[in-house]
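Notes for the structure review
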Amino acid sequence: MRNKINFYLIEYAINAILRQRYKNIFIATTLTFLIFLLTSIFFITNSIKYELNATVDALPEIVVQKIKAGRHYDIETHATEEILAITGVVDAVARVWGYYYFENAGVNFSIVGVDEFEAQYKESLKRVVETSNLMNTKESSMVVGSGVKETMQNNYYKDYFNFIKPDGTLKRVDVVGVFDGDTQLESNDMIVMSKADVREIFDMRESKATDIVVKVSNPDEVATIASKIKLIFPDSRIITKNDLKISYQNIFDYKSGIFLALFVVSLFTFFIIIYDKASGLSSEEKREIGILKAIGWRVDDVLKEKFYEGFIISFFSYMIGVIAAAGFVYIFQAPLLQNIFTGYSQLKASFELPFIFDVQTLFLVFFLSVPIYIAATIIPSWKIATLDADEVIR
Amino acid sequence: MSKNLYTTKTPKVLLSLFALLVFFAFETLYIFSTKSLDSESLEKRKEFVSIVALPDLAISTEATFIRHRSMSDLFSIYKDDGSLREYFVSTYTYSHSHKADKSAK
């Protein structure tokens, strides 16, 4: 190996970099910053995507919504019976949920009603709720996410909350628990209470529900069952788990796509500048190449030396950029960039981005930066190196 | 030693490259051990999601469709035009809370 790599050429390349210290420091800084930004965005996107995909399997296979006049409409609860009759359906539950706009804070709470708040969900709830004096109260009670709790406290609601019903009267519901901090990314804006309470707050009749969730045990049957439901209820919209996964993919492709597009523009600008600078090589640099050729360097020696030069600068920038991005995103939790993904909600979750080592991102950024930079430095030198030495020096 | 007589800077540069790689490996290891999702908290999340059975994350909650976006309008991405994708403020009229932010008009 030692015979293959010419250390004198590397040494020469290092000295060449040091001769133009300030120019190269400037280039390296810019490149590092670009790589840092792009890698950070990809890291954040990947983490959120990972978080989403980790929990998507816990969702029901099919959601049935009723569409009337192009809008979502309350579905009849007796539809569950017909759906349950389809072979392969394990469970069909009419669900009641919705958004409650809390005007004082300008936020939307997501209220979900669960069946048998006292019985069958008790065990499950116990595992995800921090305080355990659940269901001791006879009154209406609810379990809230930590973001909801905080918002309520800021508005002087400590142990209970007054929901304003559609007719203007108040409905008092006691807070009996807060969801575990680990689930904050999912539970931050959630309120879980009994179905009867949700119906009262949204003024929904017993025979109506928001949508119907269907559980199917065999994933291969989902598509067939979905089409059967569609046949029975032509006015319904069937959302399968697969649709949700595609929709997730769309959101994140869209958001990180915007950044990739912005980055590509800035990267191109950067390389145009590099290329322009290099192709209008200063007469000194031209003469350098000419002299090297005159004292016996071959074209490939010159190109090798230029390759080392480009590689050292771009690889250092790449490594520093990636290291900084990993620290910025996972150790410091991406202070400013995270806001781009979390939107401008008042009900902000202060979540930790879960780490996922993504080799694909590292390779993508690597091939977007290092080879292109090297090419941008080699090509102009090659143009000059192929000329006759005396022509260049003169 | 004499081999390096004329190439004194090369070992330094190679060494620092190597040091960067090692540093990156250690950083990754550190983050991996401290910030990965442990199975317990993952179970909790799954438990929670199976209770409420709603998709999406609570990362943006001001507009109703952003939080269960995939539930509230799955069809409207291409509603008007294949290239038009809705995003909050541009395609929705949404009343800002005047109580929360007094400066807003």
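Residues numbered from 1 in each chain as written. Chains lettered and ligands numbered in written order. Predicted model: local features only at pLDDT ≥ 70, side-chain atom pairs only at ≥ 80, totals over all residues.

A few words now on the overall build of chain A. Helix and strand counts for chain A stand at 14 helices and 12 strands. Expected size for 394 residues packed as a compact globule is a radius of gyration near 21 Å; at 31 Å, chain A overshoots this value by more than 25%. Principal axes of the C-alpha set define a box for chain A whose edges measure 95 × 50 × 40 Å. In chain A, which comprises 394 residues, the proportion classed as buried is 41%. Partitioning the contacts of chain A with sequence separation of at least 6, the portion at a separation of at least 24 is 82%. (Helix = DSSP H or I, 4+ residues; strand = E, 2+ residues; numbered from the N terminus. Rg over C-alpha atoms; globule rule 2.2 N^0.38 Å. Buried ≥ 20, exposed ≤ 12 C-beta atoms within 10 Å, placed from the backbone. Contact = placed C-beta atoms within 7 Å.)

Turning our attention to the overall build of chain B. On a plain count of helices and strands, chain B comes out with three helices and zero strands. For chain B, the succession of helices and strands along the chain, N to C, is α-α-α. The buried share of chain B, taken over its 105 residues, is 22%.

Considered domain by domain, chain A is made up of domain 1 (7-54 + 247-393) and domain 2 (75-209). Distance between the C-alpha centres of domain 1 of chain A and domain 2 of chain A: 49 Å. (Domains from an automatic or database assignment.)

Here the focus is the nonpolar core. Residues and elements named next belong to chain A. Core analysis: the largest hydrophobic core is formed by 99 residues, its most contacted members being Met-142, Ile-191, Val-192, Ile-212, Val-214 and Val-329. Ranked by residues supplied to this core, first place goes to helix H11 (residues 299-331) with 13 residues. In contact with Val-214, not counting residues within four places along its chain, are Pro-60, Glu-61, Ile-62, Val-64, Ile-83, Val-89 and Ala-92. In terms of nonpolar packing, the next biggest core, distinct from the first, is built from five residues, Val-302, Ile-384, Ala-385 and Val-392 among them. (Core = buried A, V, L, I, M, F, W, Y, C linked by C-beta atoms within 7 Å.)

Residues spaced three or four apart along an α-helix point in a common direction, a consequence of the helix completing one turn every 3.6 residues. Across its 13 residues, helix H1 (residues 7-19) of chain A extends 18 Å between first and last C-alpha, which sits within 8% of the 18 Å expected from 1.5 Å per residue. Every buried residue of H1(A) is accounted for by A:Leu9, A:Ile10, A:Glu11, A:Tyr12, A:Ala13 and A:Ile17. Looking at the buried positions of H1(A), the neighbouring elements they touch are helix H2 (21-55) and H11 of chain A together with helix H1 (9-35) of chain B. (Expected span 1.5 Å × (residues − 1).)

It is at 8 Å that the axes of H1(A) and H1(B) come closest, and there the two elements cross at 80°. Taken together, the axes of H1(A) and H1(B) lie roughly perpendicular to each other. Within the contact between the two elements, H1(A) uses A:Phe7, A:Ile10, A:Glu11 and A:Ile14 and H1(B) uses B:Lys9, B:Thr10 and B:Val13. (Axes fitted to C-alpha atoms, helices over the stretch in contact; angles between N-to-C directions. Parallel < 35°, antiparallel > 145°, perpendicular 65-115°, else oblique.)

Attention shifts here to the environment of A:Ile10. Of note, A:Ile10 is situated in helix H1. Taking C-alpha positions, A:Ile10 is 6.2 Å from A:Tyr308, a pair spaced 298 residues apart along the chain. Setting aside chain neighbours within four positions, we find A:Ile10 in contact with A:Tyr308 and B:Thr10.

In this section: the pairing of strand S4 (residues 89-102) of chain A. Residue and element names in this part refer to chain A. Where S4 meets strand S11 (residues 211-216), six bridges bridge the pair, whose relative direction is antiparallel. Of the residues in S11, the one forming a bridge with Asp-91 is Lys-215. Count of turn residues in the S4/strand S5 (residues 107-114) antiparallel hairpin: four residues, of which Gly-106 carries a positive phi of about 70°. (Pairing = 2+ DSSP bridges.)

Residue and element names in this part refer to chain B. Across chain B, the average pLDDT comes to 70, with 52% of residues at or above 70. Taking the mean pLDDT of every element in chain B, the minimum, 62, falls on helix H3 (residues 69-72) and the maximum, 90, on H1. Predicted confidence is poor over residues 77-85, with pLDDT under 50, and the contacts of this stretch with residues over four places away or in other chains come to three contacts. Throughout residues 89-95 the model reports pLDDT below 50, and contacts reaching past four residues in sequence, or to other chains, amount to three contacts. (pLDDT = per-residue confidence, 0-100.)

Turning our eyes to something else, we now look at the packing of H11(A) against helix H13 (residues 359-385) of chain A. Residues and elements named next belong to chain A. Packing of H11 against H13 brings their axes to within 9 Å, and their N-to-C directions diverge by 150°. In terms of axis orientation, H11 runs roughly antiparallel to H13. Of the two elements, H11 crosses H13, and the hand of that crossing is right-handed. Packed against H11, whose contacting residues are Val-299, Val-302, Leu-303, Lys-306, Phe-307, Glu-309, Gly-310, Phe-311, Ser-314, Phe-315, Tyr-318 and Val-322, the element H13 presents Leu-362, Phe-366, Ser-369, Val-370, Tyr-373, Ile-374, Thr-377, Ile-378, Ser-381, Trp-382 and Ala-385 at the interface. Along the lines of polarity and charge, the residues of the contact of H11 with H13 split into 16 nonpolar, five polar and two charged. (Left-handed = near helix turned anticlockwise from the far one by under 90°. Nonpolar A, V, L, I, M, F, W, Y, C, P; charged D, E, K, R; others polar.)

Bringing the pairing of strand S8 (residues 170-178) of chain A into the picture now. On a regular strand, each side chain points to the face opposite its neighbour's, so the side chains alternate between the two faces of the sheet. All names here are of chain A. Judged from the four bridges that link them, strand S6 (residues 141-144) and S8 form a sheet pairing that is parallel. Within the sheet, the bridge partner assigned to Val-143 lies in S8 and is Gly-177. Judged from the five bridges that link them, strand S7 (residues 160-164) and S8 form a sheet pairing that is antiparallel. Counted as the bridge partner of Phe-161 is Val-173 from S8. Hairpin remark: S7 followed by S8, antiparallel, with five residues in the connecting loop; positive phi at Gly-168, about 95°.

Those residues of helix H5 (residues 146-154) of chain A lying buried are A:Ser146, A:Gly147, A:Val148, A:Lys149, A:Thr151 and A:Met152. Remark: A:Tyr156 follows H5(A) within two positions and exhibits a positive phi of approximately 65°.

Here we come to the environment of A:Val173. Residues and elements named next belong to chain A. Residue position: Val-173 is located in strand S8. The class of Val-173 is buried, set by 22 C-beta atoms lying within 10 Å. Between the C-alpha atoms of Val-173 and Asp-197, which are 24 residues apart in sequence, the distance is 8.4 Å. The contacts of Val-173, once residues within four sequence positions are left out, are Ser-140, Ser-141, Met-142, Tyr-160, Phe-161, Phe-163, Met-193 and Asp-197.

In terms of backbone geometry, most residues other than glycine have negative phi values and most peptide bonds are trans. Look at A:Ala334: it is not a glycine, yet its phi comes out positive at around 45°. Residue placement: A:Ala334 occurs in the loop between H11 and helix H12 (338-342). Look at A:Ala334 and you get buried, because 20 C-beta atoms sit within 10 Å. We note that B:Ala53 has phi near 55°; this positive angle belongs to a residue other than glycine. Within the fold, B:Ala53 resides in the loop between helix H2 (39-52) and H3. For B:Ala53, a count of 18 C-beta atoms within 10 Å gives the class partly exposed.

Another aspect to go through is the environment of A:Lys208. Residues and elements named next belong to chain A. Within the secondary structure, Lys-208 sits in strand S10 (residues 208-209). Along the backbone, Lys-208 and Glu-123 are 85 residues apart, and their C-alpha atoms lie at a distance of 27 Å. In this structure, Lys-208 is in contact with Asp-74, Glu-76 and Thr-77, ignoring residues within four places of it in sequence.

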